[in-house]
Each structure stands twice: as structure tokens, then as C-alpha cells.
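Structural features, examined
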Amino acid sequence: MYISVKDAKNQLSELLHRAEAGEKVILTRHGKPVVELVPHSGKGGIDFEAGKRWMEEHGIEKVVSYISPDFDDPLPEDFLITPTSDPQ
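The structure contained in this document is the topic of the report that follows. (Residues numbered from 1 in each chain as written. Predicted model: local features only at pLDDT ≥ 70, side-chain atom pairs only at ≥ 80, totals over all residues. Heavy atoms only, no water.)

This paragraph deals with the overall build of the chain. If you tally the helices and strands in the chain, you get three helices and three strands. Put simply, the chain runs from its N terminus to its C terminus through helices and strands in the order β-α-α-β-β-α. The C-alpha radius of gyration of the chain comes to 25 Å, more than 25% above the 12 Å expected for a compact globule of 88 residues. Here the C-alpha coordinates of the chain stretch approximately 55 × 50 × 25 Å along the principal axes. Across the 88 residues of the chain, 11% fall into the buried class. Here the chain displays about 8400 Å² of accessible surface, and carbon together with sulfur accounts for 55% of that area. Taken as two groups, the 10 positive and 16 negative side-chain charges of the chain have centres that lie 15 Å from each other. (Helix = DSSP H or I, 4+ residues; strand = E, 2+ residues; numbered from the N terminus. Rg over C-alpha atoms; globule rule 2.2 N^0.38 Å. Buried < 20%, exposed > 50% of the residue type's maximum accessible area, 1.4 Å probe, protein only. Areas by Shrake-Rupley, 256 points an atom, 1.4 Å probe, with all protein chains shown as cover. Lys, Arg positive; Asp, Glu negative; His and termini not counted. Charge placed at Lys NZ, Arg CZ, Asp CG, Glu CD.)

Here you go:
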């Protein structure tokens, strides 16, 4: 089902029910598809198991091999200061 964003504003509840029931609901703007309403998958966050499998498949043992002891120390005060004149 294709419906304009303008028309969808007045029928949002019905469109949500249709999408939840498995119907493909596509919102259009100026006749062009911009978004598809789909039911929430229920999955969220990071799939750590998939990441672990990928690392094993690629022979990666550690994500980070070294972190400097001063990693989270404050930066020097002039670190983000940019010059006001062109050095050239």
C-alpha cells in the first residue's frame, strides 16, 4: 500500500495496524517512496554473539590490543584553539 505523508497523518492508527498485521505500508512524498512502516523486530541493542562469531571467522582475538595509561587524561588547554590568522 502506498500513501502520501499528508494522507497518512490522518490515518496513522489504521496504518500502524496494517503494518503490524504484515502489510507493506509505504509513505510517499510528491509521489516518491520515502519510508516504509514495518513492525518492530523486538531485537534491540548490540548482537555480541554475532560480533564474536565475526571476530572468530576473521582470526581476531582482541578488539583492542593496547590502551595507553593516559588515554582519558584531560587534553592540553590549547588543543582545540585554532589560529586566528593564516600562517602562510
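It is worth spelling out the sheet that holds strand E3 (residues 32–37) at this point. Taken together, three strands build an open sheet; the order of strands is E1-E2-E3 and the sheet is mixed. For this open sheet the edge positions go to strand E1 (2–4) and E3, each flanked by a neighbour on one side alone. Across the sheet, the mean angle separating the axes of adjacent strands is 35° when strand polarity is ignored. Relative to strand E2 (residues 25–29), E1 runs parallel, the two being bridged by three bridges. Bridging across to E2, Tyr2 finds its partner in Ile26. Against the sheet, helix H2 (residues 12–20) touches E1, E2 and E3, its axis set at about 135° to E2. (Pairing = 2+ DSSP bridges. Axes fitted to C-alpha atoms, helices over the stretch in contact; angles between N-to-C directions. Contact = heavy atoms within 4.5 Å.)

We now examine a negative patch on the surface. Judged by side-chain charge, Asp47, Glu49, Glu56 and Glu57 come together as a negatively charged surface patch. For Asp47, a relative accessible area of 43% gives the class partly exposed. (Patch = residues over 30% accessible without salt bridge, like charges linked within 9 Å, V, L, I, M, F, W, Y side chains within 5 Å. Salt bridge = Lys/Arg side-chain N within 4 Å of Asp/Glu carboxyl O.)

Formed by Ile3, Ala8, Leu15, Ala19, Val25, Leu27 and Leu37, the largest nonpolar core amounts to seven residues. Of all the secondary-structure elements, those providing two or more residues to this core are H2 and E2. Setting aside anything within four residues of it in sequence, one finds Ile3 in contact with Ala8, Gln11, Leu15, Val25, Ile26, Leu27 and Thr28. (Core = buried A, V, L, I, M, F, W, Y, C linked by side-chain atoms within 4.5 Å.)

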